[in-house]
Amino acid sequence: MSMNVGSSDDGEDAVMSAINTTPLVDVMLVLLIIFLITIPVVTTSIKVSLPKERIEVRETKPENIIISVDQAGHIFWYEARIDDVDALVSKLKKVSTLTPQPEVQVRSDAGARYEGVGKVLLACQRAGIVKVAFITEPPPLGG
């Protein structure tokens, strides 16, 4: 059985228009395969714990000791200048016996060489100070 879909008036064979969907299906299958391969790569990543910036407000307690280092490397016990590291160690040994032991807070100029800060840390270690903190300025808001 056959079926004639054109009008018999034309006298010519009617041409049937048909959309060939095979290339469209091929392209869609290729895109589907690409998505199936790339999505697990994008969603899977190594889990790491990223550092978070936080500003911790420190209370200045009267028993805390503030040691400053200026740009020239001079060491100060509050506002009194300490000329010798041994003098600093002897002062720190006196306060290291207190209960609870006070915290030593080191303030250093941004342009100071590490030598002055290293002397303070060595003196704290020799005196047996357990808590040493560094006082810094928080970064400006917005970056």
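This text goes with the structure placed above it.
A brief look at the structure comes next.

Criteria and cut-off values
- Residue numbers run consecutively from 1 along every chain, following the written order of its sequence.
- Only residues with pLDDT of at least 70 are given local features in this predicted model, and only at 80 or more are side-chain atom pairs given and counted; all residues enter the totals for whole chains, interfaces and linings.
- Only heavy atoms go into the side-chain values, all of them from the structure, while hydrogens and water stay out.
- Salt bridge, as used here: a side-chain nitrogen of Lys or Arg that lies within 4 Å of a carboxyl oxygen of Asp or Glu.
- Burial classes: relative accessible area under 20% of the type maximum marks a residue as buried, over 50% as exposed, and values in between as partly exposed (1.4 Å probe, protein chains only).
- Comment: elements are numbered from the N terminus, with helices defined as DSSP H or I runs of at least four residues and strands as E runs of at least two.

Quick notes on the pattern of salt bridges
Okay, step 1: Enumeration over the complete set of coordinates arrives at four salt bridges.
Okay, step 2: The salt bridge involving Arg81 is made with Asp83; its shortest N-O contact spans 3.5 Å.
Okay, step 3: The exposure class of Asp83 is exposed, given its relative accessible area of 72%.
Okay, step 4: The salt bridge partner of Lys119 is Glu115, with a shortest N-O separation of 3.8 Å. Here the residue Lys119 and the residue Glu115 both occupy positions in helix H3 (residues 114-127), the gap between them amounting to four residues, near one helical turn.
Okay, step 5: On the accessibility criterion, Glu115 (42% relative accessible area) is partly exposed.
Okay, step 6: Bridged by salt links that share partners, the residues Arg113, Glu115 and Lys119 form one connected network.

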